[in-house]
Amino acid sequence: MAQGSGGGDFSGLTGWVVDVIAASGPLGVMLLLALDNVLPVVPSEVVLPFAGYLASQGDTGLVVMLLAGTFGSTASAYVYYELGRRLGHDRASAVIVKIPLTDHDDIERAGAWFDRHGSSAVLLGRCVPFVRSFVSLPAGTEGMGRVRFGLLTAAGSGIWNALWLGIGYAIGSNWQQAGSYSSWFNAAFGVALAGMLATYVWKRRDRLPWRR
């Protein structure tokens, strides 16, 4: 369906994302963005432009795509928020860093961001990669109200999602040419993933069995 939907000849991760969105529409966008928020492996910067393209073709309205994506981003943000609220910073961080490719430094960076900007960090942080996922944790540990957290998260996510949806919508019929670049994106993603894995293993080198 990555080809039949008018999205060009996509392959690899890009092709899989395109297939999911082409097959599931707004539901696929919602689920992919929810996954990105908890386990940042499928970036929203890939999901949203193609969703915007589908909206430009009349398959689904742009507003529906925006609402679905924002709901997915906001609902899944409560995972780390509730962990922080119930377990506290140290215990919640210890749980989160066990998730593959999750870096303790990213969690601390999000905490520092929250310390500098206060509650507005939730709104602003939704537009900053990596901080976007983990800023929910200090919001929970600091006891920010659930309604306030949800409103700020929805607002920030809505801005971010609208930007990338708009890019895909503006590309319109020219999206057919984007498939020729999917191999470049997949290669770049592979390099980034390899770098994340290498960093993850290096920071935990003292825990490896052969180092004991």
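Structure first, text after, so check above.
In short, a report on the structure.

So, how was this worked out
Residues numbered from 1 in each chain as written. Predicted model: local features only at pLDDT ≥ 70, side-chain atom pairs only at ≥ 80, totals over all residues. Heavy atoms only, no water. Axes fitted to C-alpha atoms, helices over the stretch in contact; angles between N-to-C directions. Helix = DSSP H or I, 4+ residues; strand = E, 2+ residues; numbered from the N terminus. Parallel < 35°, antiparallel > 145°, perpendicular 65-115°, else oblique. Left-handed = near helix turned anticlockwise from the far one by under 90°. Nonpolar A, V, L, I, M, F, W, Y, C, P; charged D, E, K, R; others polar. Contact = heavy atoms within 4.5 Å. 1 Å grid on protein atoms, 1.4 Å probe; cavity = no way out; pocket = protein on both sides within 12 Å on 5 of 7 lines; lining within 4 Å. Points joined across faces, edges and corners; volume = space filled by probe spheres on them.

**Observations regarding the packing of helix α4 (residues 62-87) against helix α10 (residues 146-171)**
Two elements in contact, α4 and α10, have axes separated by 8 Å at closest approach and are oriented at 140°. Taken together, the axis directions place α4 and α10 in an arrangement best described as oblique. Seen along the crossing, α4 lies across α10 with a hand that is right-handed. Along the lines of polarity and charge, the residues of the contact of α4 with α10 split into 11 nonpolar, 9 polar and 4 charged.

**A short note on the side chain of Thr-74**
Summarising the element assignment, Thr-74 is placed in helix α4. The contacts of Thr-74, once residues within four sequence positions are left out, are Gly-150, Thr-153, Ala-154 and Ser-157.

**Notes on empty space enclosed by the protein**
Evaluation of the coordinates by the stated rule reveals 1 cavity of 30 Å³ or more. If you go around the largest cavity, the residues you meet are Leu-33, Asp-36, Asn-37, Ser-44, Ser-73, Arg-126, Arg-132, Ser-157, Trp-160 and Asn-161. Where the lining of the largest cavity is concerned, the elements lending two or more residues are α2 (26-38) and α10. Taken together, the residues of the lining of the largest cavity break down into 2 nonpolar, 5 polar and 3 charged.

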